[in-house]
Amino acid sequence: MEEFNTNKQRQHKMILANRKTCNLSGVADVLSFDLNEILLETDQGMLMIRGTQLHVTRLSLEKGEVDIEGKVDSMTYSETSSFAEKGESFLSKLFK
């Protein structure tokens, strides 16, 4: 049974255990990933996860779930609406 909030979005939940494993729900897309950075589009905005030896171990976009392993150093959210209003993509703004 899926849970929905009042905005008809999936519930966004993050479980980080010992900075080594992370389980996320409410993920719309994985935009990029490498060993040091993973960029996700979630129902709550863009999420950048930085660390070392990061691996996406499970991905289910139908359910909106992602599992990540590796050492997590930081997690940063940003709003996607501010980039869309200016006519710029998130990635072009990120790498300026």
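As a reminder, the structure under discussion sits directly above these lines.
Okay, so let's go over this structure. The model shown is predicted, which means the values in this text are computed figures rather than measured ones.

**Thoughts on the overall build of the protein**
Here's step 1: In terms of regular secondary structure, the protein is built from two helices and six strands.
Here's step 2: Taken over 96 residues, the protein has a buried fraction of 30%.
Here's step 3: Residue pairs in contact within the protein that sit at least 24 positions apart in sequence constitute 41% of those at least 6 positions apart.
Here's step 4: For the protein, the exposed area adds up to about 6,400 Å²; of that, 50% sits on carbon and sulfur atoms.

**Quick notes on the pairing of strand β1 (residues 13-17)**
Here's step 1: The pairing of β1 with strand β2 (residues 21-25) spans five bridges and is classified as antiparallel. The partner of Ile 15 across the bridge, within β2, is Asn 23.
Here's step 2: A loop of three residues connects β1 with β2, the two strands running antiparallel in sequence, and Asn 18 in this loop sits at a positive phi of about 55°.

**Observations concerning the sheet that holds strand β3 (residues 27-33)**
Here's step 1: Spatially, six strands are ordered β1-β2-β6-β5-β4-β3 in an open sheet, and the strand pairing comes out antiparallel. A single partner strand is all that each edge strand has here, and the edge strands are β1 and β3. Recorded for the sheet is a direction-independent mean angle of 35° between the axes of neighbouring strands.
Here's step 2: With five bridges joining them, β2 and strand β6 (residues 65-78) adopt antiparallel strand pairing. By the bridge assignment for β6, Ser 25 is matched with Glu 65.

**Observations regarding the pattern of salt bridges**
Here's step 1: Tallied over the full model, the rule gives five salt bridges.
Here's step 2: Measuring nitrogen to oxygen at the nearest pair gives 3.1 Å for the salt bridge that ties Arg 19 to Asp 73. Remark: Asp 73 occurs in strand β6 and Arg 19 occurs in the loop between β1 and β2; sequence separation between them is 54 residues.
Here's step 3: Since its relative accessible area comes to 41%, Asp 73 is described here as partly exposed.

**Section: the side chain of Asp 67**
Here's step 1: Tracing the backbone through its elements, the reader meets Asp 67 in strand β6.
Here's step 2: Classification of Asp 67 by relative accessible area gives buried; the value is 13%.
Here's step 3: In this structure the side chain of Asp 67 is engaged in a polar contact, spanning 2.9 Å, whose partner is the side chain of Asn 23.
Here's step 4: Within the structure, Asp 67 has its side chain in polar contact with the side chain of Arg 58 (distance 2.8 Å).

Here is what the cut-offs are and how they apply
Residues numbered from 1 in each chain as written. Predicted model: local features only at pLDDT ≥ 70, side-chain atom pairs only at ≥ 80, totals over all residues. Heavy atoms only, no water. Helix = DSSP H or I, 4+ residues; strand = E, 2+ residues; numbered from the N terminus. Buried < 20%, exposed > 50% of the residue type's maximum accessible area, 1.4 Å probe, protein only. Contact = heavy atoms within 4.5 Å. Areas by Shrake-Rupley, 256 points an atom, 1.4 Å probe, with all protein chains shown as cover. Pairing = 2+ DSSP bridges. Axes fitted to C-alpha atoms, helices over the stretch in contact; angles between N-to-C directions. Salt bridge = Lys/Arg side-chain N within 4 Å of Asp/Glu carboxyl O. Polar contact = N/O pair within 3.5 Å; in protein donor to acceptor, adjacent residues only side chain to side chain.

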